[in-house]
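Architecture at a glance
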Amino acid sequence: MTEPVLLIDKIQTITQKHFLLSPMKKFLYLLLVLPFLGLISSCSDDKDLPNVTLQLDYKGGTLQDNVLYVVQGQTLQITALRAIPAEGTKNATITSAAYFWNGLPLGRTSIMPFAIDINTTDMELGNYTLTVDANVLQVDKEAGFAIAQFPIVIVADEGQEPGEGSDTGSEGSGTITPDTKISQNER
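Residues numbered from 1 in each chain as written. Predicted model: local features only at pLDDT ≥ 70, side-chain atom pairs only at ≥ 80, totals over all residues. Heavy atoms only, no water.

Turning our attention to the pairing of strand β7 (residues 116-119). In β7, alternate side chains face the same way, and those of Ile116 and Ile118 are buried while those of Asp117 and Asn119 on the opposite face are not. In this sheet, β7 lies alongside strand β4 (residues 75-85) in antiparallel orientation, the contact comprising four bridges. Note on β7: the bridge partner recorded for Gln77 is Asp117. (Buried < 20%, exposed > 50% of the residue type's maximum accessible area, 1.4 Å probe, protein only. Helix = DSSP H or I, 4+ residues; strand = E, 2+ residues; numbered from the N terminus. Pairing = 2+ DSSP bridges.)

Right, dumping it as structure tokens:
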């Protein structure tokens, strides 16, 4: 039986013989790898991100001056979310959307039309921000994230909502097109 020390010495000797390459072999391996490195480094670092605006359809509030007013206790429904391509660009679609209420996660959906219901019963009166983060794909563009925010005010009763006619309280509906920022990274 051989001693463990001798076995370790043999392993070290074999390892050194097989992993020590002559300078010429190293040079040849480098020449073989260089074309592949050229392919990787020739990729553009410029990101061609989607050029879209998010558009939301809602029910249960009144929109005035880009602020959505909702009566406390009513449910604000975002009934649809769409990616509207900028003029002169190709079609775009949303793959998933996440909603945040004052920065806190409210919900996430991957099911078109990316709807969500927001119950305002337990919310205090005051100002809030609804943020929408959507994964956006556009023809001939890289994948991107569209981020849109808009203010919401929870009011005590319909008398505190702006506007007149049938566009008050839970009967109000419409479309919001908030300013949209496009990023290559999610929020």
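When pLDDT is averaged across the protein, the result is 78; 69% of the residues are at 70 or more. Taking the mean pLDDT of every element in the protein, the minimum, 59, falls on helix α1 (residues 4-19) and the maximum, 92, on β7. Every residue in residues 165-170 is under pLDDT 50, and counting partners more than four places away or in other chains gives 19 contacts. (pLDDT = per-residue confidence, 0-100. Contact = heavy atoms within 4.5 Å.)

Turning next to the pairing of strand β8 (residues 126-138). Bridge count for strand β5 (residues 92-101) against β8 is nine bridges, and the pairing is antiparallel. Paired with Trp101 across the two strands is Leu130, which belongs to β8. Alignment of β8 against strand β9 (residues 144-155), held across eleven bridges, turns out to be antiparallel. Of the residues in β9, the one forming a bridge with Thr129 is Pro151. Between β8 and β9, which pair antiparallel one after the other, the connecting turn spans five residues, and Asp140 there sits at a positive phi close to 65°.

Attention now moves to the sheet that holds strand β1 (residues 52-59). Taking strand neighbours across the sheet as the criterion, the four strands line up as β7-β4-β1-β10 in an open arrangement whose pairing is antiparallel. Looking at strand neighbours, the two that pair on one side only are β7 and β10 (173-176), the edges of this open sheet. The mean angle between the axes of side-by-side strands here comes to 25°, regardless of whether they run parallel or antiparallel. The pairing of β1 with β4 spans eight bridges and is antiparallel. In the sheet register, Lys59 faces β4, and the bridge partner there is Gln77. (Axes fitted to C-alpha atoms, helices over the stretch in contact; angles between N-to-C directions.)

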